[in-house]
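Letter by letter, the chains look like this.
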Amino acid sequence: MRNLLFAFLLVASLAQAKTYIIPIEGTIDGPLATFIEQSLEQAERDGASGVVFRVNTPGGRVDAAIRITDRILASTVPTLAVIENAFSAGALISLAAQQIMMLPGSNIGAALPITVTPVVGNATAADRKVISALKGKFRAVAEARNRPANIAEAMVDPEVEVRGITTKGEPLTLSARKAVELKVADAEVASLRAALEKAGFNTDTQEVQPGPQVRVARFLTDPTIAAILLAVGVLGLVLEFFTPGTFIPAIVGLTALGLFFLGGYLAGLSSALTIILLFGGLLLVVFELFVTPGFGIPGLVGLGLIGASIYFTFGDEALQVGSFAIIGLAVGLFLIFRYLPRGRVARPFVLSSAVEEVAPPKNELESLLGAVGSALTDLRPAGTAQFGDRRVDVVTLGEFIDRGQTIRVIQVEGPRVVVRKVDS
């Protein structure tokens, strides 16, 4: 009697358990992988009767797709992929589900990995090593779910030819009907509800939607947004160095860098190591530029650390993020040093009134040739110097001279006074 009661309660609890719907939409990225992992954990913890992945994606990052795929394969609840479109990384994720249902007009395949040239945007097929690795993953997943491995491989490698199905030189893409015919999918259905009924899933569903954390992470880790944040962050710190004491550029720069790492942290991509690498690299580059001018070991190591930080955070998209950030930084520096001193925005940073007060008449500057004085400000390479009781705007020939150093006037050209450091 006790066993019968237990069986009745078990059946009743299963009947009440809902089917969880997890959308896989848009580009496959790190935040989406984190969302799916967390959603699967929730479904397993809540005792869901099954999990349905509603797939509509053009593809995305391979590493994120592999994370999602491995988690689906390890799931303890029945899984079903209902496909509207599952291209590239989406095809791999769909193959990991225990059952696949195709909606009308849906497609699956076209999983050839590509490399996008930064800035130009040209897309080319990845090298053979990458194709081979991804082809092996497609085969392993297909075999784990008893689906035709050669068809899965043909989705990745255009060199794989399946007689009567594929054309050599093009990765395989299957329509809904063809996918069912080749046993890649289990059935073609008219709707999500029909898919649930066909697969034997409870039609009482609960949809899990990405929360604010996931949406913010997906926005901040978009390669273009991340590159802008990185460029603005570095730009703000550079501007603060040239205008010490204002704090506004530093606040803007640190805020941008904070958002840059916040996106990676929320997406599960950034760690303390990546933050240490970036700031360590920035310190070394600043040291190279402003303490020991040139291009030596500190600068090279600093750039290497910055590159490593970006790579550990963005993986395959690191080159794109880094390239856009460099271009943004270069444009920003040009605009700042070309136009900022002339605009109203720069007035808090430019001591124009002070300069006008201390600048002597042009015809008196020639008498300064050969004069010895001291730098009142850091000369990088321009600044202010003191010669006797006169304060004069001066410039070096590219040399950086610290405040308080002894200098000599070596050239006077109209209003331009050129100095160099006097060796003690």
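Refer to the structure printed above.
Summarised in this report is the structure supplied together with it. Remember, it's a predicted structure, so these values are computed and weren't measured experimentally.

Let us now look at the pairing of strand β10 (residues 372-375). Note that β10 and strand β13 (residues 406-413) share 3 bridges and pair antiparallel. When the bridges of β13 are listed, Ser374 appears paired with Thr406. Pairing between β10 and strand β11 (residues 382-387): 2 bridges, direction antiparallel. Looking at the pairing, Ser374 lines up with Gln386 of β11. What sits between β10 and β11 in their antiparallel hairpin is a turn of 6 residues.

This part covers the side chain of Ser39. By secondary structure assignment, the location of Ser39 is in helix α2 (residues 30-45). Dropping the residues within four chain positions of it, Ser39 is found in contact with Ile22 and Val208.

What follows concerns the pattern of salt bridges. Two side chains carrying opposite charge are able to pair once their charged atoms lie near each other. For the coordinates displayed, the defined rule picks out 15 salt bridges. The salt bridge involving Glu44 is made with Arg71; its shortest N-O contact spans 2.7 Å. Remark: Arg71 occurs in helix α3 (residues 62-73) and Glu44 occurs in helix α2; sequence separation between them is 27 residues. Look at Glu44 and you get partly exposed, because its relative accessible area is 24%. Of the charged contacts, one joins Arg193 and Glu197 as a salt bridge, the two residues approaching to 3.4 Å between their closest N and O atoms. One end of the pair, Arg193, and the other, Glu197, are both in helix α8 (residues 192-199), 4 residues apart, so they sit about a helical turn from each other.

Calculation rules
Residues numbered from 1 in each chain as written. Predicted model: local features only at pLDDT ≥ 70, side-chain atom pairs only at ≥ 80, totals over all residues. Heavy atoms only, no water. Pairing = 2+ DSSP bridges. Helix = DSSP H or I, 4+ residues; strand = E, 2+ residues; numbered from the N terminus. Contact = heavy atoms within 4.5 Å. Salt bridge = Lys/Arg side-chain N within 4 Å of Asp/Glu carboxyl O. Buried < 20%, exposed > 50% of the residue type's maximum accessible area, 1.4 Å probe, protein only.

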